[in-house]
Amino acid sequence: MKLKVDQKIIENYPELCIGFLVVDVKVEEKNFIVEKYKEALLARDFSGKLDSCNFVLHPKIAKWRDIYREDFHVKPKTYRSSIEALMRRVITKKEIWNISSVVDLYNCCSAETLLPMGGYDLDKIKGGSISLRYGVEGEIFCPLGVREKIEVQNEHIVYADEEKVLCWLWNHKDSRYSSIDLDTKKAIFFIDNISKDLEGTSNAITLLSKRLEQIGGVVKEHGILHKDNLVQELKAFALK
């Protein structure tokens, strides 16, 4: 099993760092540890740093807005990066993320680090690789939670296995066919960092690893994809 970043993406985003973790997980509807993290996040004081009027101007959010607008040619108010969507709920003190223990947990870690994170069920991955690449003409994406299908454009960046798109518009929307659910036993997580910040990406990997271990996860493998490491062979799991 290989993880790959398309060379063209690195040419356009040379400072890109993609953290990854392969984890044996225990997924529950709710977990009291995760609920505590969610409560703490909603109670957190972001004054002086982020508020409901200016949070989209924060560099870690604004950069994604620029990519969606200028590179993907979509309206960022309609198609938000995952980190903007998460922080909008946190800053406005809305109820957040009642999906499952594992998904809620990585969403909390994403909000705390201001880095987009995503997770996929490894047993639903087809073929021998997961790639971060540009879309292919005629490719169709089947989003989680809605019936409609989306036609992927050439300028759209996606995570994909050898059969399907796993996540559309880089980190905007996950597929219904690869999402983590209560039956998931093996998962892979990605952390998207478009700044030249290996240390920040490494710290996010450490945070997510520790939190997953607190709720029964066992980290099998982790690392960072970047311009000098565009292909990573995974040995943790033999996948079909």
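Because the structure is a prediction, the values reported are computed rather than measured. (Residues numbered from 1 in each chain as written. Predicted model: local features only at pLDDT ≥ 70, side-chain atom pairs only at ≥ 80, totals over all residues. Heavy atoms only, no water.)

(A) Examining the layout of surface pockets more closely. Space inside the largest pocket adds up to approximately 810 Å³. Around the largest pocket, the lining is made up of 33 residues, and of these Leu86, Ile99, Asn107, His172 and Asp174 lie nearest the centre. Mapped by element, the contributors of at least two residues to the lining of the largest pocket are α4 (82–91), α5 (101–113), β3 (117–121), β9 (173–174) and β10 (186–193). A per-element tally of the lining of the largest pocket places α4 first, with five residues. Counted by class, the lining of the largest pocket contains 15 nonpolar, 11 polar and seven charged residues. (1 Å grid on protein atoms, 1.4 Å probe; cavity = no way out; pocket = protein on both sides within 12 Å on 5 of 7 lines; lining within 4 Å. Points joined across faces, edges and corners; volume = space filled by probe spheres on them. Helix = DSSP H or I, 4+ residues; strand = E, 2+ residues; numbered from the N terminus. Nonpolar A, V, L, I, M, F, W, Y, C, P; charged D, E, K, R; others polar.)

(B) Highlighting the sheet that holds β3. In spatial order, the strands read β3-β10-β2-β11; together these four strands make up an open sheet with antiparallel pairing. Of all strands in the sheet, those with a lone pairing partner are β3 and β11 (218–225), marking the two edges. Within the sheet, the average angular offset between the axes of one strand and its neighbour, ignoring direction, is 15°. Looking at chain direction, strand β2 (residues 17–24) and β11 are connected through seven bridges and run antiparallel. (Pairing = 2+ DSSP bridges. Axes fitted to C-alpha atoms, helices over the stretch in contact; angles between N-to-C directions.)

(C) Region of interest: the sheet that holds strand β12 (residues 231–233). Taken in spatial order, the six strands make up an open sheet running β9-β8-β7-β4-β1-β12, and their pairing is mixed. Two strands close off the open sheet at either side, each with one partner strand: β9 and β12. Relative to strand β4 (residues 129–134), strand β1 (residues 2–5) is paired through four bridges, and the arrangement is parallel. Note that in β4 the partner of Leu3 across the bridge is Ile130.

(D) Here's a closer look at the packing of aromatic side chains. Tallied over the entire structure, the rule returns nine aromatic pairs. Through a chain of ring-to-ring contacts, three or more aromatic side chains come together here, namely Tyr13, Trp64 and Trp170. The lysine or arginine in question, Arg211, covers the ring of Tyr37, its NZ or CZ lying 3.7 Å from the ring centre. (Phe/Tyr/Trp six-rings, centres within 6.5 Å; stacked < 30°, edge-to-face > 60°. Lys NZ or Arg CZ within 6 Å of the ring centre and 35° of its normal.)

(E) The nonpolar core, seen in detail. Leu16, Met87, Tyr159, Trp170 and Phe189 are the most contacted members of the largest nonpolar core, which has 80 residues in total. For this core, the element with the highest residue contribution is α5, accounting for seven residues. Discounting residues that sit within four places of it in the chain, Tyr159 has contacts with Ile18, Tyr120, Ile130, Ser131, Leu132, Val165, Leu166, Cys167, Trp170, Phe190 and Asp192. (Core = buried A, V, L, I, M, F, W, Y, C linked by side-chain atoms within 4.5 Å. Buried < 20%, exposed > 50% of the residue type's maximum accessible area, 1.4 Å probe, protein only. Contact = heavy atoms within 4.5 Å.)

(F) Structural detail: empty space enclosed by the protein. Under the counting rule described, the total for this entry stands at one cavity of 30 Å³ or more. Its volume calculated, the largest cavity comes out at about 50 Å³. Taken together, Lys60, Lys63, Trp64, Leu114, Leu115, Asp192, Asn193, Ile194 and Ser195 form the lining of the largest cavity. Breaking the lining of the largest cavity down by element, the ones donating at least two residues are α3 (59–71) and β10.

(G) Molecular detail of α4. Most of α4 is tucked away, with seven of its 10 residues classed as buried. Among the residues of α4, those classed as buried are Ser82, Ile83, Glu84, Leu86, Met87, Val90 and Ile91. In this structure, the buried residues of α4 make contact with α2 (32–43), α3, α5 and β3. Looking one or two residues past α4, Lys93 carries a phi angle of roughly 60°, positive in sign.

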